[in-house]
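Coordinates in review
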Amino acid sequence: MNPEHGSAIERRRAAQLPPGIAALPRDARGYPISFVTAVGPDGTPDFTELDGPRRARAIVEHLCGLCGRTLPLVRAVIGGPQVVEHHLAMDPPMCVPCAVFAATHAAAGCPFLLMPAARFRKDRGTRPSSPLVAKERPQTMYLARTFAHEAIRLRLPDGSEEVMALCDRWTGLEEIQAGRLVDARHLLPG
């Protein structure tokens, strides 16, 4: 079957995966399981949930949140306007090829990033969350590039702490629009 016209699974398998993503384990359908994806006791990944300790480890040890490899000098963060404004990300930074792939491949990337009408599947209101994390998916998502980040601990309203990535100045900014990256550097301070 022609991958252009096949099922979403066939298009995902046919997409040219960056080496880091290509090396990841796969679920029963063939989807790559990211470094920070939560995996149940039976080995089934839950793509709607992050593995908290692995997420924190990726931020602290400077590992790509998707492929788990050591981050190069230039790394990327994907998030909404709050991430861009505050330079603070709940999700770990990623190597640029992994971030670009996740943001631009509708059949193989992250559906949450690519569909503006996407919603969180789990009830976020029942779990403690940083005030900097949106309760709903932001209408606009960005891919921001930076040369550095540091792990910080942020105290949450319930008294617990969360590890987050505090990113250095943005060296590039692109808006994710229907699987395309559109230059948004004009939004960066001069």
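Above this text you will find the structure in question.
Residues numbered from 1 in each chain as written. Predicted model: local features only at pLDDT ≥ 70, side-chain atom pairs only at ≥ 80, totals over all residues. Heavy atoms only, no water.

In this section: the sheet that holds strand 9 (residues 170–177). The antiparallel open sheet is built from five strands, whose spatial order is 5-3-6-9-10. Strands at the two margins of the open sheet, each flanked by one partner only, are strand 5 (94–95) and strand 10 (180–183). Sheet topology note: the strand 9/strand 10 ladder contains four bridges and is antiparallel. Note on strand 10: the bridge partner recorded for Gln 177 is Arg 180. (Pairing = 2+ DSSP bridges. Helix = DSSP H or I, 4+ residues; strand = E, 2+ residues; numbered from the N terminus.)

Ranked by internal contacts, the top residues of the largest apolar core, which has 20 residues, are Ile 21, Cys 64, Leu 66, Ile 78 and Cys 98. When contributions to this core are tallied by element, the ones reaching two or more residues are strand 3 (75–79), strand 5, helix 5 (96–104) and strand 6 (141–146). For this core, the element with the highest residue contribution is helix 5, accounting for six residues. Once you skip the residues sitting within four places of it in the chain, Cys 64 turns out to touch Phe 35, Arg 69, Leu 71, Pro 93, Met 94, Cys 95 and Cys 98. Counting 15 residues, the second largest nonpolar core, distinct from the first, contains Val 84, Ala 89, Ala 144 and Leu 188. (Core = buried A, V, L, I, M, F, W, Y, C linked by side-chain atoms within 4.5 Å. Buried < 20%, exposed > 50% of the residue type's maximum accessible area, 1.4 Å probe, protein only. Contact = heavy atoms within 4.5 Å.)

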